[in-house]
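# Reading the structure
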Amino acid sequence: MEAVGAGEEEDEDEWLVQSLSLYKDLHTFELQAPTRVIEWARGSRVCVAGYGQSGGQEILQLVPPPTLQAKETQGLCPERDFKVECGGFSNRPVYSLKHVPDTSLLVTSGPPDSSLQVWQVSAEDSDVIKSVSAIPTENGTGQPWAKIATISARAPWVLHGSRLNSVQITEVESRKNVYTAASRNSEELSGLAFLDCNTLLLCCAKGQLCLADVRQPQSPLEAASLPSAPCGERWCMGVGRGPPGSDSSSQPVACLSSGGHLTLTDVRKTSESLAAAKCRVSSPRSGAEFLCVSWAPALEGCLAVSGFDGTVHVYDVRRWDGSGREAEPLFVHKGHAFGGPGGSAGPPLVTVHTWHPQKPRTLLSAASDGSLHVWDWVQPCGKCG
């Protein structure tokens, strides 16, 4: 173990002291390998998977800490508050993992090609997650790994693709092709999402958004560039929920760049900016491997940003305008920044985060050192939510 400098020790001690008042709950778990995927599955279970380049990669289903369901403040809790319920091994890195709603199936993707792997989470009398099938893609060899999204509105579907001209929908259980996008544009995708069972939203890495309709497979896809998107930066997106009772046409979209720029738009007119801001990040990143932006599902006007360093920033976007100036974070989770070995390897980098689907201020985050945190911050009076 490498020695930690006095200044680093003081910073860590200061953060731990502050944690007692800033957090309603804070739980940690140390994984055997770093993960870049966190997915909520059936029964509020959490699925994670390793992304290393050598050996078998674990896919685990975890039971979250039971104290998350308690109403009173719990404070800092022991490391092993998560319980491993079942698991399996993938012979390739897992860069994306999605639970198929209303089933016990998982779909994963990762290098070296754009094919998908389908997994079965076994019944209660077994602790095995087993591989059941693969979904190959035409000309998938040599292509970037596929971005994926799932839905079960009509049948268990997976939306997948690595480039704009390779987007398709496949029925998970039968592996039947349901939809293939019509496009000659080979721009690399950074994300995709179902808005509903008929409408798709695609995000290109260079900062373009594209709407597609499953009912019109022959209509060519047209990608619209984000307003005032800086050249040379890579982008990702997060799709939020519209107001209660609204349809998919009013869903907000947040686009985040590797330079820390955030642009808010609406699926009804993706070429127009509703608001813009600059994230308060330590330094912009040349790549976008771990960039992540997501809307709070149960907290109006809030989104979280990670992938620049060992922190997760939460913002209230309701006061943003079109100026693009630096925004003040509502809350910053710094726990991962103090958990790594330091030294030549550098501090840990947050690889992914996600919101709890029902608890308004509860998030999960993972980092490159294998740490997994679930946290719920104390909300000062007069702030978001």
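Residues numbered from 1 in each chain as written. Predicted model: local features only at pLDDT ≥ 70, side-chain atom pairs only at ≥ 80, totals over all residues. Heavy atoms only, no water.

## Focus on the overall build of the protein
What counts here: Helix and strand assignments come from DSSP, with helices taken as H or I runs of at least 4 residues and strands as E runs of at least 2, each series counted from the N terminus. Three exposure classes are used, based on accessible area relative to the maximum for each residue type with a 1.4 Å probe and protein chains only: buried under 20%, partly exposed in between, and exposed over 50%. By definition in these notes, contact holds between two residues if any of their heavy atoms fall within 4.5 Å. All accessible-area figures derive from a Shrake-Rupley calculation using a 1.4 Å probe, and residue coverage is judged against the displayed protein chains alone.
Looking only at helices and strands, the protein has one helix and 29 strands in total. Within the protein, the fraction of its 385 residues that count as buried is 53%. Excluding contacts between residues fewer than 6 apart, the proportion of contacts in the protein whose partners are at least 24 apart in sequence is 53%. Carbon and sulfur atoms provide 48% of the accessible area of the protein, an area that totals close to 17,600 Å².

## Here we look at the sheet that holds strand β8 (residues 105-109)
Which entries qualify depends on this criterion: A pair of strands is treated as paired once DSSP finds two or more bridges between them. Axis angles are defined between N-to-C directions and span 0 to 180 degrees, where every axis is a line fitted to C-alpha atoms and, for a helix, only to the segment in contact.
Taken together, the four strands give an open sheet; going across it, the order is β7-β8-β9-β10, and neighbouring strands pair in antiparallel fashion. Of all the strands in the sheet, just β7 (96-99) and β10 (129-135) have a single pairing partner and so form its edges. Across the sheet, the mean angle from the axis of one strand to that of its neighbour is 25°, orientation sign disregarded. Both β8 and strand β9 (residues 116-121) contribute to a ladder of five bridges, which runs antiparallel. For V107, the partnering residue across the bridge sits in β9 and is V118.

## Focus on the sheet that holds strand β23 (residues 292-295)
With antiparallel pairing, four strands are arranged side by side in an open sheet as β23-β24-β25-β26. The open sheet terminates on both sides in strands that have one partner only, identified here as β23 and β26 (331-333). Averaged over all adjacent pairs, the angle separating strand axes in this sheet is 20°, with direction ignored.

## Looking at the nonpolar core
Using the following cut-off: The definition of a nonpolar core used throughout is a set of buried Ala, Val, Leu, Ile, Met, Phe, Trp, Tyr and Cys residues joined through side-chain atoms within 4.5 Å.
Counting 20 residues, the largest nonpolar core has L159, I169, Y179, F194, L200, L202 and L221 as the members making the most contacts within it. Discounting residues that sit within four places of it in the chain, L221 has contacts with L164, Y179, A181, A182, S183, L202, C210, L211 and A212. Counting residues in hydrophobic clusters, the runner-up holds 19 residues, among them A254, L262, A277 and L291.

## Let's talk about the pattern of salt bridges
As a reminder of what qualifies: Whenever Lys or Arg places a side-chain nitrogen within 4 Å of a carboxyl oxygen from Asp or Glu, that contact is recorded as a salt bridge.
All chains considered together, the criterion is met by 10 salt bridges. Here E272 ties to K269 by a salt bridge, and the two come within 3.4 Å at their closest N and O atoms. Residue K269 is classed as partly exposed on the basis of its relative accessible area, which comes to 48%. One salt-bridge network, held together by shared partners, links R280, E326 and E328.

## Details of the side chain of T311
Note the following rule: Side-chain atoms alone can form a polar contact between residues adjacent in sequence; in general such a contact is a pair of N or O atoms within 3.5 Å, and within protein one must be able to donate a hydrogen while the other accepts it.
As for its position among the elements, T311 is in the loop between β24 (302-306) and β25 (312-316). Within polar-contact distance, the side chain of T311 engages the side chain of D309 at 2.5 Å. Among the polar contacts listed, one links the side chain of T311 to the side chain of H313, at a separation of 3.3 Å. Beyond its immediate chain neighbours, meaning those up to four positions away, T311 contacts V305, S306, V332, H333, K334 and V350.

## Considerations on the pairing of strand β15 (residues 189-194)
Within β15, five of the six residues are buried, which leaves it mostly tucked inside the rest of the structure. Bridge analysis of β15 against strand β16 (residues 199-204) gives five bridges, and the strand direction is antiparallel. Considered in β16, the bridge of L192 is made with L202. Between the antiparallel neighbours β15 and β16 lie four residues.

## Some details on the side chain of T35
Relative to the helices and strands, T35 resides in strand β2 (residues 35-40). Residue T35 is classed as buried on the basis of its relative accessible area of 1%. Within polar-contact distance, the side chain of T35 engages the backbone oxygen of V37 at 3.1 Å. Here A49 takes part through its backbone oxygen, which lies 2.5 Å from a polar atom of the side chain of T35. Setting aside chain neighbours within four positions, we find T35 in contact with V48, A49, Y51, T351, A366 and A367.

## Digging into the packing of aromatic side chains
To describe a pair of aromatic rings, you give the distance between the ring centres and the angle between the ring planes. Our working definition: Working definition: a ring pair exists when centres of Phe, Tyr or Trp rings (six-membered ring for Trp) sit within 6.5 Å. Plane angles under 30 degrees give stacked, over 60 give edge-to-face, the rest tilted.
Counted by the stated rule, this structure contains nine aromatic pairs. Arranged with centres 5.3 Å apart and planes meeting at 80°, the rings of Y95 and W145 form a pair that is edge-to-face. One end of the pair, Y95, is in the loop between β6 (83-90) and β7; the other, W145, is in the loop between β10 and β11 (147-151), and 50 residues separate them in sequence. Per residue, the accessibility class of Y95 equals that of W145, and both read buried. Here F331 and W377 contribute two aromatic rings whose centre-to-centre distance is 5.5 Å and whose plane-to-plane angle is 15°, an arrangement assigned as stacked.

Function-wise, these values are silent; they only describe arrangement.
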